[in-house]
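As a plain string of letters, each chain reads:
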Amino acid sequence: MKLQDRDKEILKLCYEQQFLLSEHVCEYFFAGNYTETKRRLRELKAADLLKSYPVPKSNRRIFQLTWQGRKVGRELSRMELDRPRRPFDSQLEHDALVTSVRLRLELLWEGVWIPELAIRKLEIQEVPDGLFVFTNGTKAAIEIENSLKGRSRFVNRMKSWRDVKVRLVLYVVAKAGILERIKYFMSEAPSTPLFGIVPWEELKGTRPVAWSPQGELELTKEKDL
């Protein structure tokens, strides 16, 4: 099978994020064309590059790399990552949203996404869900929040970011019900780094804006971050 550039990007992404859902591939690689998505995923499976299994109590499927696909993905990524595990059902929605946020930010920003598995090898004090390194070398830590943590735990975590060299810590929330509560917690954020929060639905918009204690952050303007 001759791999197209798009195939290579899919395999690289699957290697770095551990798994993909067909919705990731459909929306970001095939412009929403579900028929073409199914066809290409079927071809990648036939070439022994991808394998899949169903999501419990759902009509969705999880895609992971085969041994051969992992070999290709590693060469494309140039990151040395541990062998993937099958995602726990309790973490599936969180981890799938991390990948969606990555794909969205890669459309908005110029730079490189460092996945959590690679961040852990750096042995830094805080490990976010992803780290975006801009072309100028500054970094944004990305955290996905789909459940509410206690105030003390959240505030202490924010304070620990003072010792990490990042310009921005951006929280992406999937559930509107926790947004205002996290904003309240963020009133106790240290002055540096910059902290922001944005609903996932807003991030998907044309000109997404994050809320921060210092004022609104236009996420399409990297110079303001």
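Just above sits the structure.
Computed from a predicted model, the values in this text were never measured in an experiment. Just so you know, the residues in each chain are numbered from 1, in the order the chain's sequence is written. Residue-level local features of this predicted model are given only where pLDDT is at least 70; pairs of side-chain atoms are given and counted only at 80 or more, and the full residue set underlies all totals for whole chains, interfaces and linings. Think of the side-chain values as coming from all heavy atoms in the structure, minus any hydrogens and water.

### Quick look at the nonpolar core
Step number 1: What we call a nonpolar core is a set of buried Ala, Val, Leu, Ile, Met, Phe, Trp, Tyr and Cys residues that are connected through their side-chain atoms within 4.5 Å. Residue exposure (1.4 Å probe, protein chains only): buried if accessible area is under 20% of the type maximum, exposed if over 50%, otherwise partly exposed. Core analysis: the biggest nonpolar cluster contains 65 residues, and Trp109 and Ile142 have the highest contact counts within it.
Step number 2: The contact criterion used is simple: two residues touch if any of their non-hydrogen atoms lie within 4.5 Å. If sequence neighbours within four positions are ignored, tryptophan 109 has contacts with Phe132, Phe134, Ala140, Ile142, Leu168, Leu170, Leu219, Glu222 and Leu225.
Step number 3: Phe19, Leu21, Ile62 and Leu92 belong to the second largest nonpolar core, which has seven residues in total.

### Details of the packing of aromatic side chains
Any two aromatic rings considered together are summarised by their centre-to-centre distance and by the angle between their planes.
Step number 1: Each Phe, Tyr or Trp ring (for Trp, its six-membered ring) is paired with any other whose centre lies within 6.5 Å, and the angle between the two planes then decides the class: stacked below 30 degrees, edge-to-face above 60, tilted in between. Scanning the model with the defined rule gives six aromatic pairs in all.
Step number 2: Between tryptophan 109 and phenylalanine 132, the aromatic rings sit 5.2 Å apart at their centres with planes inclined by 75 degrees, giving edge-to-face as the arrangement. Taken together, the positions of tryptophan 109 in the loop between α5 (89-108) and β4 (111-115) and phenylalanine 132 in strand β5 (residues 130-134) put the pair 23 residues apart, joining distant regions of the chain.
Step number 3: Between phenylalanine 132 and phenylalanine 134 the ring centres are 5.2 Å apart and the planes differ by 55 degrees, which places this aromatic pair in the tilted class. Where helices and strands are cited, they refer to DSSP runs of H or I of at least four residues and of E of at least two residues respectively, numbered from the N terminus.

### A few points about the sheet that holds strand β2 (residues 50-54)
The pairing of strands in a sheet comes from backbone hydrogen bonds and takes either a parallel or an antiparallel form.
Step number 1: Here we have three strands laid out as an open sheet, ordered β1-β3-β2, and antiparallel in their pairing. Each edge of the open sheet is held by one strand with a lone partner, namely β1 (20-21) and β2.
Step number 2: Contacts from helix α1 (residues 5-17) reach β1, β2 and β3 (61-65), with the element oriented near 95 degrees to β3. Pairing between two strands is assigned when DSSP locates at least 2 bridges connecting them. Every angle, taken between N-to-C directions, lies between 0 and 180 degrees, and every axis is a line fitted to C-alpha atoms, over only the stretch in contact when it is a helix.

### Focus on helix α7 (residues 151-160)
Step number 1: Inspection of α7 places Phe154, Val155, Met158 and Ser160 among the buried residues, and these make up the whole buried set.
Step number 2: Residues of α7 that are buried sit in contact with β6 (139-145), β7 (168-173), α8 (179-185) and β8 (194-199).

### With respect to the pairing of β5
Step number 1: The buried fraction of β5 is high, at four of five residues.
Step number 2: Looking at chain direction, β5 and β6 are connected through four bridges and run antiparallel. Counterpart to phenylalanine 132 in the pairing with β6 is alanine 140.
Step number 3: The antiparallel pairing of β5 with β6 creates a hairpin that spans four residues between the two strands, and glycine 137 there sits at a positive phi of about 95 degrees.

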